[in-house]
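Tertiary structure, described
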Amino acid sequence: MINVIDNQYFHLQNNKISYLFYVMPNQQLGHLYYGQPLGDLSNKDLEYLARKVNKSAGTVKFSADTGQFTLADRGQEYPVYGSSDFKAGALEITEGTTPLYTDFRYKSYRITKGKPRRLHQPTTFGDDGETLSIQLTDEEHQLALTLNYTIFNDHSVIVRNQSITNLGTVPRTVQKMMSGVLELATDDYEFLHLSGAWLKERHITRHALAQGTVSISSLKGASGHQHNPFVALQEKNGTIDHGQVYGAQLIYSGNFIGQAEVDEWSHTRVLMGIHPDYFTWEIGEGESFETPEILLAYSAQGLNGFAQETASFIEKHIIDPQWQNKPRPIVFNNWEATYFDFDHQKLIELAKSGKELGMECFVVDDGWFGKRDDDRSSLGDWTVDERKFPKGIKVFAQEIHQLGLQLGIWFEPEMVSPDSQFYRAHPEWVVRHPFSRISIGRGQYVLDFANPQVVDAIYEQMKKIIQETELDYIKWDMNRNITEAYSAYLNEVGIDQTEFFHRYILGVYRLYEKILTDFPTILIEGCAGGGGRYDLGILFYSPQIWPSDDSDAIERLAIQTGTLLAYPLSTFSNHVSASPNHQVWRQTSLKIRQDVAMFGPLGYELDLNQLTETEKTAIQERIAFYQENRQLLTFGRFYQLATGTDNEVAWAVYDETEQKAIVGFYRILSKPNSAADEFLPLSFLSADQTYQVNDEILSGKILRQIGIRKPYQFNGANPDQAQVQGDFQSYIYQIALAD
Ligand code: GLA
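Residues numbered from 1 in each chain as written. Predicted model: local features only at pLDDT ≥ 70, side-chain atom pairs only at ≥ 80, totals over all residues. Heavy atoms only, no water.

1. Overview of the nonpolar core
Ranked by size, the top nonpolar core spans 196 residues in total, and within it Ile 164 and Trp 368 carry the most contacts. Broken down by element, the residue count for this core peaks at ten residues, all from helix H9 (residues 500-518). Once residues within four sequence positions are removed from consideration, Ile 164 is found in contact with Leu 91, Ile 93, Phe 104, Leu 143, Ala 144, Leu 145, Val 174, Met 177, Ile 283, Glu 287, Ser 288 and Phe 289. If you look at the next biggest cluster of nonpolar residues, it comprises 20 residues, including Tyr 654, Ala 661, Leu 680 and Tyr 733. (Core = buried A, V, L, I, M, F, W, Y, C linked by side-chain atoms within 4.5 Å. Buried < 20%, exposed > 50% of the residue type's maximum accessible area, 1.4 Å probe, protein only. Helix = DSSP H or I, 4+ residues; strand = E, 2+ residues; numbered from the N terminus. Contact = heavy atoms within 4.5 Å.)

2. Remarks on helix H12 (residues 590-597)
Judged by how many residues are buried, H12 sits mostly within the fold: seven of eight residues are covered. Of all the residues in H12, the buried ones are Leu 590, Ile 592, Arg 593, Gln 594, Asp 595, Val 596 and Ala 597.

3. Looking at the sheet that holds strand E3 (residues 18-23)
Reading across the sheet, the four strands line up as E1-E2-E3-E4 and stay open at both edges, with antiparallel pairing between neighbours. The sheet is open, and its two borders are formed by strand E1 (2-5) and strand E4 (29-35), each paired with just one other strand. Adjacent strand axes in the sheet meet at a mean angle of 15° when their direction is disregarded. Sheet analysis places E1 next to strand E2 (residues 9-13), joined by four bridges and oriented antiparallel. The residue bridging Val 4 from the neighbouring strand is Phe 10, located in E2. (Pairing = 2+ DSSP bridges. Axes fitted to C-alpha atoms, helices over the stretch in contact; angles between N-to-C directions.)

4. So, the domain arrangement of the protein chain
Each assigned domain of the protein chain is listed here: domain 1 (68-313), domain 2 (322-631) and domain 3 (640-737). Averaged C-alpha coordinates put domain 1 and domain 3 at centres separated by 40 Å. (Domains from an automatic or database assignment.)

5. Notes on the site of the ligand
As a matter of local geometry, the ligand sits amid 13 residues, with Asp 365, Asp 366, Arg 442, Lys 475 and Asp 549 nearest to it. Residue Gly 530 places a main-chain N or O atom 3.0 Å away from an oxygen atom belonging to the ligand. A distance of 2.4 Å separates an oxygen atom of the ligand from a polar atom in the side chain of Asp 549. Contact with the protein chains hides 97% of the accessible area of the ligand, taken as 310 Å² for the molecule alone. Taken together, the residues of the shell around the ligand break down into four nonpolar, three polar and six charged. (Near = heavy atom within 4 Å. Polar contact = N/O pair within 3.5 Å; in protein donor to acceptor, adjacent residues only side chain to side chain. Areas by Shrake-Rupley, 256 points an atom, 1.4 Å probe, with all protein chains shown as cover. Nonpolar A, V, L, I, M, F, W, Y, C, P; charged D, E, K, R; others polar.)

6. Examining the packing of aromatic side chains
Applying the stated criterion to the full structure yields 46 aromatic pairs. Here the aromatic rings of Trp 335 and Tyr 339 are separated by 4.9 Å at their centres, their planes lie at 75°, and the arrangement is edge-to-face. Note on Phe 540 and Tyr 541: the rings are 4.9 Å apart at their centroids and 90° apart in plane angle, and the pair reads as edge-to-face. Site record: aromatic cluster; members linked through ring pairs are Phe 10, Tyr 19, Phe 21, Tyr 34, Tyr 106, Tyr 109, Tyr 149, Tyr 189, Tyr 246 and Tyr 298. Taking the ring centre of Phe 342 as reference, the NZ or CZ of Lys 388 above it sits at 5.1 Å. (Phe/Tyr/Trp six-rings, centres within 6.5 Å; stacked < 30°, edge-to-face > 60°. Lys NZ or Arg CZ within 6 Å of the ring centre and 35° of its normal.)

7. What about the pattern of salt bridges?
Opposite charge on two side chains allows them to pair when their charged atoms are near. Overall, the coordinates contain 41 salt bridges when judged by the stated rule. Of the charged contacts, one joins Asp 677 and Arg 709 as a salt bridge, the two residues approaching to 2.1 Å between their closest N and O atoms. In this pair, Asp 677 sits in the loop between strand E34 (660-667) and strand E35 (679-680) while Arg 709 sits in strand E38 (residues 708-709), placing the two residues 32 residues apart along the sequence. Accessibility expressed as a relative area gives 47% for Asp 677, which makes it partly exposed. (Salt bridge = Lys/Arg side-chain N within 4 Å of Asp/Glu carboxyl O.)

8. Digging into helix H4 (residues 344-357)
Over its 14 residues, H4 extends 20 Å from the first C-alpha to the last, a length consistent with the 20 Å expected when each residue adds 1.5 Å. Among all positions in H4, only His 344, Leu 347, Ile 348, Leu 350, Ala 351, Ser 353, Gly 354 and Leu 357 are buried. Where H4 is buried, its residues meet strand E22 (331-333), helix H3 (335-338), strand E23 (361-364), helix H5 (392-402) and helix H13 (613-635). One or two residues past the end of H4 sits Gly 358, with phi positive at roughly 115°. (Expected span 1.5 Å × (residues − 1).)

9. A few points about the sheet that holds strand E28 (residues 523-526)
Across the sheet, which stays open at both edges, the eight strands sit in the order E29-E28-E27-E24-E23-E22-E31-E30 with parallel pairing between neighbours. With partners counted over all chains shown, the strands left at the sheet margins are strand E29 (544-545) and strand E30 (574-577), one partner each. Judged from the four bridges that link them, strand E27 (residues 473-476) and E28 form a sheet pairing that is parallel. By the bridge assignment, Lys 475 is partnered in E28 with Glu 525. Its contacts with the sheet put H12 on E30 and strand E31 (602-605), and the angle it makes with E30 is roughly 175°.

10. Considerations on the packing of H5 against helix H7 (residues 452-469)
At a minimum axis separation of 8 Å, H5 and H7 run at an interaxial angle of 45°. Considered as vectors, H5 and H7 are oriented oblique to each other. Note on element contacts: H7 touches H5 through Ile 465, Glu 468 and Thr 469, opposite Ile 393, Lys 394, Ala 397 and His 401. In the contact of H5 with H7, the residues fall into three nonpolar, two polar and two charged. (Parallel < 35°, antiparallel > 145°, perpendicular 65-115°, else oblique.)

11. A look at the environment of Glu 315
Looking at the secondary structure, you find Glu 315 in helix H2 (residues 302-317). For Glu 315, a relative accessible area of 15% puts it in the buried group. Other than its neighbours up to four places away in sequence, Glu 315 contacts Gln 324, Pro 568, Ser 570 and Phe 635. Among the polar contacts made by the side chain of Glu 315, one reaches the side chain of Ser 570 at a distance of 2.8 Å.

12. Focus: the pairing of strand E33 (residues 648-655)
Along E33, seven of the eight residues are buried, which leaves the element largely enclosed by surrounding structure. Note that strand E32 (residues 637-640) and E33 share four bridges and pair antiparallel. Paired with Arg 637 across the strands is Tyr 654, a residue of E33. In this sheet, E34 lies alongside E33 in antiparallel orientation, the contact comprising eight bridges. When the sheet's bridge partners are listed, Val 649 is paired in E34 with Tyr 666. Where E33 hands over to E34, the hairpin turn is made up of four residues, of which Gln 659 adopts a positive phi near 50°.

Structural data, given as structure tokens:
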């Protein structure tokens, strides 16, 4: 997979991609190509690609002894600002406050096979990975830089990360160190990202590229509700099924930046990594700093091809192997059913009803600990509230397990309420600046996870509960962002406060590591006020994430469509909630709520005691259907289908081996007298096969070329023939090979 030619050209290749770079005349690394596989290349080919006869006008030469050579107009593997290149660079190092204009020259390379999964930090892993590590040195500044590139079989993704080591005695400060760089020869792309807010996360947003910079970022201490650490560049005029798409996606959960800069020659440079604001990292003699990893993904098959490649890569090389293809339990979560108003008996009644309906895991949400009757107290006191559980948490857990249900419990480990024993005992363990004012969010403070003692103290409390309850599942929440970032601990040990944000996230990963080392089979569901930390760092530890506090089926259509551009279906947990919905007060049928929620890991979060007998039967039937089709609905290949209008959404999941599919069609608002005949082509089916589509037998040729007919909607004349009626309609198609 990795060819090194003449110690000068480096070609990473598999059956889906080629990534090519070389040693430039100044001994730095230049980028040549990323895209469809090129196969074997002759020396003539390589020289031809690397040749640059002209120096672009108006540029500065790199040095007196490299002729016409300038960095300004070159694609580079790890560019730095200030030595003939004026664009934003990937690396900035200072000595004190003095910038070092580094000059990293190629020294040697190493190839390693296989990549282990280590819990201390989230990274890709896999036996079939090959990693090319390029060593570069800057002799003058006594710095060594390693660029790592991993390529796996059958996946169109290059994984990159970098480390820098101080070979000298004088301390250096890393001011900026990006995880990935992607250089593209043109700006013929749209910049896509996933933006939003609390309750409306990860909607697909587009910007046209033009000379200048487009960027997204977070400085909240978490990847955030507003921007996701993911960007894609989609070829102009590309569609969901055609055209090239490049993606950059960080394996990291803290502050980040992702940007695309277009220069005066219409070259595009994408940079992504830890946000350089409020960040520095000091490296003393012999010390190193290593960046998080990034995925650089590619597809020539439009957004669907891109999303499928990315999803299958993440499933295989980031998600914990024990959860790969493993059915996820159907969850009942009591939050929207009871909020804080519950006790042992009430929960057991709900659990019994849930069990009768077919649910498999009972999750006790917020309010079981300390004395927490609202969101103003007790975070940090992870001991059971005996007013609510007079028999103790152990007996409660036993009763749940005796019902044949798994048990899940909600924690918010990184937070503390001012009204808690934990805070009273250790006010210095809170993130707060020594000045007097402190911001407060949801009535709570953030704990200083940069301090290992704090992580240990929280873990000890969690461990007791996990052991006592023989816990199957944790919902790990995180409901506020970091303000006035300052750690008393870092001050004490003499570390700069600008290292806080990164050290905080490393502390979060440490807690994950501790839990999963002691309880390797526990299923952790990530959550951050819904989708405030939906990223590959968290998914490395918790294979699914509560994607949004907005549980309305219609809102979820856009959230899920956006999320699935960058993340697998199996990571997106969905709950059927009440109508009217508690976030937007929209009224929808149980049918559409179930039709939307069944794509991905399914759950229920509503008061089961309020259900009518008809609704109970509908839930039982749906759960039976879900259990039968769970693998397909969780791990099937996901397609967005082109509906031709914003008012409609259609999704398909497809199992290639068995050639079966489920299609969900959703119409948000009904329209009077819409087109009489409309179809959704299913291009993934085979033209040579015959399929059963619900009750009909149809040929693959028809289904591929023309498609399944959209459900007929009431047009005022013949309501009895309508398959869907009114606003918020849904229709499910089940497709399998005909006998
Ligand atoms: C957050 C979560 C919700 C719920 C509440 C409990 O908002 O996203 O699902 O757990 O906290 O306080």
